[in-house]
Amino acid sequence: MTDIVCIGEPLGEFNATRGEAGAYRFGLGGDTSNCAIAAARQGASVAYAGALGNDEPGRALRTAWAQEGIDDKHVSTHATAPTGLYFVAHGEQGHVFSYLRAGSAASLYGPADLPRELIASAKVVQASGISQAISASACDAVFEAFELARQNRVLTAYDTNLRLKLWPLTRARAIVHTACQMADIVLPGDGDAKLLTGLEEPDAIVDFYLKLGAKVVALTLGHEGSLVATPERRQRFVPIKVEAVDATGAGDCYDGAFLAEYIRTGDAFVAGAYANVAAALSTQGYGAVAPLPRRAEVEARIAAEAALKA
């Protein structure tokens, strides 16, 4: 049985090299692909569902997934549509993204392409706002996957990941809130959640998603850590100290680490504490994938933090 099935848009990444004008480091990205790799590095069995182009970024993604043990048998290769790309620049306000993704292979993905048996037999199906924003057919594929998961008592997890370059806020709210009503685990980031909900306080935000029906809400708060809540309990996790250089993919790392640990332990608060450390460690290197920590590194840091408090 597969632990986690991730659905969405894998991307090639060009990350600006600090101090060298016009220079970029090639890497891999796409929020749900990052989540898949992060989860696999924590020991979860992971499969991906989606589409790639017949191009170098597509081949690089398959190579990376194979190295991480991620099942890509249900990822199709489109004959003419490309794999999407994005560029990361770094400024005073943090990282800035630019995309070349119109007409990507992933945007042509639809409900008929879903691996129904794989979804029905998984432990968790994960998708995001970006998974739905790239096209109407991709949006419908996520809804269909979540409905299929619910029919088979498979947990659903959703990151609200908001990209206003892809769709207007009014439409995003309607789609994302509907998806959250179908999700057992909601994984919002505070910046996106403030826009989507119109709320400012973390407790009010998690209450909003709990009222939509989530069993677990894990709200990431950037450099302020995270807040995990269930209908019965909530807990704030403060960040560990790291020398952060690039937060690209940190939220995706949190998602993957959280889901892997939640499957392993069945405890949302143990998972939140674990993911809080994993996400912080992921900011110590450049790019979305390369700095994603493995379980041994996360556990060693958790042990070190505990020793400091003893």
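For clarity, every value in this text was computed on a predicted model and none was experimentally measured.

Looking at this model, I keep getting lost on the packing of aromatic side chains. Mind explaining?
Between two aromatic rings, the relevant description is the distance of the centres plus the angle of the planes. All told, the structure shown has nine aromatic pairs when counted by the stated rule. A ring pair is formed by Y48 and W65, whose centres lie 4.9 Å apart and whose planes are at 25 degrees; its orientation type is stacked. Residue Y48 is located in strand β4 (residues 46-53), and its partner W65 is located in helix α2 (residues 56-68); the two are separated by 17 residues in the primary sequence. Grouping residues by exposure puts Y48 and W65 together as buried. Measuring from centroid to centroid gives 6.1 Å for F146 and Y158, while their planes differ by 80 degrees, and the two rings are edge-to-face.

Would you explain the environment of T283 in this entry?
Looking at the element boundaries, T283 is found in the loop between α10 (268-281) and α11 (295-309). Each C-alpha atom of the pair T283 and I205 lies 25 Å from the other, and the pair is 78 residues apart in sequence. Setting aside its immediate chain neighbours within four residues, T283 contacts V242, E243, A244, V245, D246, A247 and A250. Among the polar contacts made by the side chain of T283, one reaches the main-chain carbonyl oxygen of A280 at a distance of 2.7 Å.

Explain the sheet that holds strand β1 (residues 4-7) here, please?
Strand pairs in the sheet, formed through backbone hydrogen bonds, run parallel or antiparallel to each other. Pairing in this open sheet of nine strands is mixed, and the strands run β5-β4-β1-β8-β9-β10-β11-β12-β13 from one edge to the other. The sheet terminates laterally at β5 (75-78) and β13 (234-237), the two strands that pair on one side only. The sheet contacts of α2 involve β4 and β5, and relative to β4 the element is tilted by about 165 degrees.

It is not clear to me how the side chain of H177 should be interpreted in this structure. Could you clarify?
Its location among the elements puts H177 in helix α6 (residues 169-181). Residue classification places H177 among the buried residues on the basis of a relative accessible area of 17%. Of note is the side chain of H177, whose polar atom sits 3.4 Å from the backbone oxygen of L196. Excluding residues that lie within four positions of it along the chain, H177 makes contacts with A172, L196, F208 and L212.

For this particular structure, what's the right way to read the pattern of salt bridges?
Should the charged atoms of two oppositely charged side chains come close, the side chains can pair. Under the counting rule described, the total for this entry stands at 18 salt bridges. A salt bridge links R264 to E261; the shortest N-O distance between them is 2.8 Å. Here E261 and R264 lie together in helix α9 (residues 250-265), a separation of three residues that amounts to about one turn. Of the residues examined, R264 reaches a relative accessible area of 54% and is grouped as exposed. According to the relative accessible area criterion, E261 is buried, its value standing at 2%. Within the structure, one salt-bridge network assembled from shared partners comprises E261, R264, R295 and E299.

Mind showing me how you'd approach unusual backbone geometry here?
With the exception of glycine, most residues fall at negative phi, and the peptide bonds are largely trans. With phi around 55 degrees, R153 is a residue other than glycine that occupies positive phi space. Of note, R153 is situated in the loop between α5 (136-151) and β9 (155-159).

In this structure, what is going on with helix α1 (residues 31-41)? I would like to understand it.
Along an α-helix, residues three or four apart share an orientation, since each turn contains 3.6 residues. Among the 11 residues of α1, 11 are classified as buried, and the element is accordingly described as predominantly covered. Buried within α1 are the following residues: D31, T32, S33, N34, C35, A36, I37, A38, A39, A40 and R41. Two residues or fewer past α1, G43 is found with a positive phi of approximately 105 degrees.

Just to check I follow, could you spell out the packing of α9 against α10 for this structure?
The description of two helices packed together rests on the angle between their axes and the distance between the axes. Packing of α9 against α10 brings their axes to within 8 Å, and their N-to-C directions diverge by 145 degrees. For the pair α9 and α10, the sense of crossing is right-handed. Together, A250, C253, Y254, A257, F258, E261, Y262 and T265 of α9 and A268, V270, A271, G272, Y274, A275, N276, A278 and A279 of α10 make up the contact between the two elements. Classifying every residue of the contact of α9 with α10 by side-chain character gives 13 nonpolar, three polar and one charged.

I keep staring at the layout of surface pockets and nothing clicks. Help me out?
A probe matching the size of a water molecule, rolled over the atoms, marks out where space remains unfilled. There is about 220 Å³ of room inside the second largest pocket. What lines the second largest pocket is simply F237, V238, P239, I240, A273, N276, V277, I302, E305, A306 and K309. Where the lining of the second largest pocket is concerned, the elements lending two or more residues are α10 and α11. With four residues, α11 is the single largest residue contributor to the lining of the second largest pocket. Of the residues in the lining of the second largest pocket, the class split is eight nonpolar, one polar and two charged.

Parameters at a glance
Residues numbered from 1 in each chain as written. Predicted model: local features only at pLDDT ≥ 70, side-chain atom pairs only at ≥ 80, totals over all residues. Heavy atoms only, no water. Phe/Tyr/Trp six-rings, centres within 6.5 Å; stacked < 30°, edge-to-face > 60°. Helix = DSSP H or I, 4+ residues; strand = E, 2+ residues; numbered from the N terminus. Buried < 20%, exposed > 50% of the residue type's maximum accessible area, 1.4 Å probe, protein only. Contact = heavy atoms within 4.5 Å. Polar contact = N/O pair within 3.5 Å; in protein donor to acceptor, adjacent residues only side chain to side chain. Pairing = 2+ DSSP bridges. Axes fitted to C-alpha atoms, helices over the stretch in contact; angles between N-to-C directions. Salt bridge = Lys/Arg side-chain N within 4 Å of Asp/Glu carboxyl O. Left-handed = near helix turned anticlockwise from the far one by under 90°. Nonpolar A, V, L, I, M, F, W, Y, C, P; charged D, E, K, R; others polar. 1 Å grid on protein atoms, 1.4 Å probe; cavity = no way out; pocket = protein on both sides within 12 Å on 5 of 7 lines; lining within 4 Å. Points joined across faces, edges and corners; volume = space filled by probe spheres on them.

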